[in-house]
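Coordinate inspection notes
Here is what each chain is made of, one letter per residue.
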Amino acid sequence: MSRCRGPRMSVACALAASLHVFSALPARAERLVSSLSSHIVQITSNFTGVELVLFGTVENDPATAPRSSGYDIVATVTGPRQSVVTRRKERMFGIWFNAESRSFVQVPSFLEVLSTRPFENIANAETLRRQQIGIANTLLTEQIGSDIVEAIPNDQFREAFVRIKHERNLYGEVTNGVTFLTPTLYRASISVPAEAPIGTYDVDIKLFADGAVIARTNSAFEIKTVGFESFIVSAAVNYGLAYGVVTAMMAVMTGWFASIVFRRD
Amino acid sequence: MEIYLPIADLPVNIFLVLAMGLAVGFVSGLFGIGGGFLMTPLLIFIGISPAVAVATVSTHIAASSFSGAVTYWRRRAIDLTLALMLLAGGIVGTVSGVWLFTALRGLGQLDITIGLSYVLLLGSVGAMMVIEGLRAMLRARQGKPVELRRPGSHTWIHGLPLKFRFKQSKIYVSAIPVCVIGLIMGFIGAIMGIGGGFLLVPMLIYFLRVPTNVVIGTSMVLTLVTMASATILHAATNHQVDAVLALILMVGGVTGAQFGARAGQKMRSERLRLLLGVLVLAVGSRFAFDLVVAPADLYTVRATGDAP
């Protein structure tokens, strides 16, 4: 799993992961069913964030007896991956400069982990680490020279990166975010802030019982700009020169219009 | 009412931005300047990244200087020959300014460069203007006549070769200082997001002895072309020009400028100059404060590119 990087790898990885889950399934099989209240979030000019509802059921095999220990669910929402630079300021000649920096490559732009209980009550540390449960266990890759390595958990730059993302409401953990309405029916709400970047968001839902993953399912939603905003962004990025010329013309027209409207002589 | 800015990628209150445009427009009309040195810092203070602020303000200044230039053109108060020669240097300055802007952004040193440039330029120019303004007021209070001798009547500048006659301004100077002034203005304009009217007008008066009746109109032509080309270049290389933000600022700016111009006619010119000096100095000090005081967070995070 740790070798799974890049978009081209993702299909193979997902396949490998699901095979892995299925092969590990015990004879008593539960199935996890889930859905999202919406699969497309449209950013319009008055977009200030959105709340999505994730809901579903745990389907028991009727032939087997229900578990006495109960279920736990961990849902991980991962935004589109992007590369970022984290920089640290240092004082030089009495002025604060950006000095050292670290490049994080292909890290989630958004990461929200929702669960029924605090992670340590759901499974042991080793399982949580292997299943990448929680922000601390999420793999963040760092580029050092031409090598791509995994950032160690207590790396200062990794900590600062996660903290800043958390302050912008882009990284978060809600350990009571998933609730069971009945012993098998669950519900969680995913809050997407206005600052969340556009792209595809994967929702990975894992069912835990007795400290192990017993079922897993996926869902996804897309955040996209529509109409005018989408037009502006794509024009600015894809046709920078034409966009600049049009913007400059708009400025000239506004100025000309003002000189006519406010003409005094 | 919140509006989502597509390039700045954050929601802002449309009335706040409109009010900022009006206020800066008022100041720019009052002093006959573009007001970029106020607008760029204001945008940075409300949370817009310095790169977007600088690139977008160029658009705003292009609009306000065009509106001004049309008015001066009607009054035949523009020296076109001089403006064209300033532009020859100005375009080169703008292209190199945008190039340096892009390079510094890649290195992560853009914000500090913008901050330092503001401190150095606005600090020194503001201090000079305040001292000059206080002297003028003191002279007026003592009842002494205003000095008629224009400073720098014949300096080394007039000894330079490649002399050229500018008919409308009635001056006979070398093309070299004209191009150099244009180059400097284009360069700092592209990096700092200012038209530089508050700097260009004194330079033209003191160094080239351009008469006051054509100086503002001519400087506006230079500002218009350098800022319009800065807009195009910033859009083509950095993709940081936010057209929605620019439009709101422009509408506020050109409206505010009309009221500012009317208020300015009622004020004494030396008092106006002193006031402008204080304003310039205040903005410079604000940047100095930010550079020296320990930042709340030593770390910053910036996206370098989306998934390939």
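Just above sits the structure.
One structure accompanies this document, and this report is about it. Here the structure is a predicted model, which is why all the values come from computation and not from measurement.

Some thoughts on the overall build of chain A
- If you tally the helices and strands in chain A, you get 6 helices and 14 strands.
- Taken over 265 residues, chain A has a buried fraction of 30%.
- Across chain A, every contact between residues at least 6 apart in sequence was considered, and the portion connecting residues at least 24 apart equals 68%.

Observations concerning the nonpolar core
- The biggest cluster of nonpolar side chains holds 149 residues, and the ones touching the most others in it are A:A75, A:L207, A:F208, B:A62, B:L224 and B:A228.
- For this core, the element with the most residues is helix α8 (residues 212–237) of chain B, which contributes 14 residues.
- Two domains each put at least three residues into this core: domain 1 (30–225) and domain 2 (226–265) of chain A.

Concerning helix α4 (residues 156–167) of chain A
All names here are of chain A.
- Helix length check: α4, at 12 residues, gives a terminal C-alpha distance of 16 Å against a target of 16 Å (1.5 Å per residue), a fit within 8%.
- Within the sequence span of α4, burial applies to F157, R158, F161, V162 and K165. Viewed end-on, α4 has its buried residues packed into an arc of 135 degrees, placing them on one side of the element.
- Positive phi shows up at N169, right after α4, with a value of about 60 degrees.

Regarding the sheet that holds strand β3 (residues 50–60) of chain A
Residue and element names in this part refer to chain A.
- Strand order in the open sheet formed by 4 strands is β1-β3-β12-β11, and the pairing between neighbours is antiparallel. Whereas interior strands pair on both sides, the edge strands pair on one side only; in this sheet they are β1 (30–36) and β11 (178–180). Averaged over all pairs of adjacent strands, the angle between their axes in this sheet comes to 20 degrees, without regard to strand direction.
- Here β3 pairs with strand β12 (residues 185–192) via 8 bridges, running antiparallel. Opposite L54, over in β12, you have A188 as the bridge partner.

As for the sheet that holds strand β7 (residues 111–115) of chain A
Residues and elements named next belong to chain A.
- The mixed open sheet is built from 6 strands, whose spatial order is β2-β14-β13-β4-β7-β10. For this open sheet the edge positions go to β2 (40–43) and β10 (171–174), each flanked by a neighbour on one side alone. Along the sheet, successive strands turn relative to each other by an average axial angle of 15 degrees, direction set aside.
- In the sheet, strand β4 (residues 72–78) pairs with strand β13 (residues 199–209) via 7 bridges, with the strands oriented antiparallel. Considered in β13, the bridge of V74 is made with K206.

Rules used throughout
- By convention here, each chain's residues receive numbers from 1 onward along its written sequence.
- Following the order in which they are written, the chains are lettered starting with A and the ligands numbered starting with 1.
- With pLDDT at 70 or above as the cut-off, local features in this predicted model cover only qualifying residues; side-chain atom pairs require 80 or more to be listed or tallied, and sums for whole chains, interfaces and linings still use all residues.
- Helix numbers and strand numbers start at the N terminus; a helix is a DSSP run of H or I with at least 4 residues, a strand a run of E with at least 2.
- Residues are called buried when their C-beta atom has 20 or more other C-beta atoms within 10 Å, exposed when it has 12 or fewer, and partly exposed otherwise; all C-beta atoms are positioned from the backbone.
- Once C-beta atoms have been placed from the backbone, residue pairs whose C-beta atoms lie within 7 Å are recorded as contacts.
- As used throughout, a nonpolar core is a set of buried Ala, Val, Leu, Ile, Met, Phe, Trp, Tyr and Cys residues joined through C-beta atoms within 7 Å of each other.
- Each domain's limits were defined by an automated method or a database of domain assignments.
- Expected helix span is given by 1.5 Å per residue-to-residue step, counting one fewer step than there are residues.
- Directions pointing from the helix axis toward each C-beta atom define the arc.
- A pair of strands is labelled paired if DSSP reports no fewer than 2 bridges between them.
- Fitted lines through C-alpha atoms give the axes, limited to the stretch in contact for helices. The angle between two N-to-C directions lies from 0 to 180 degrees.

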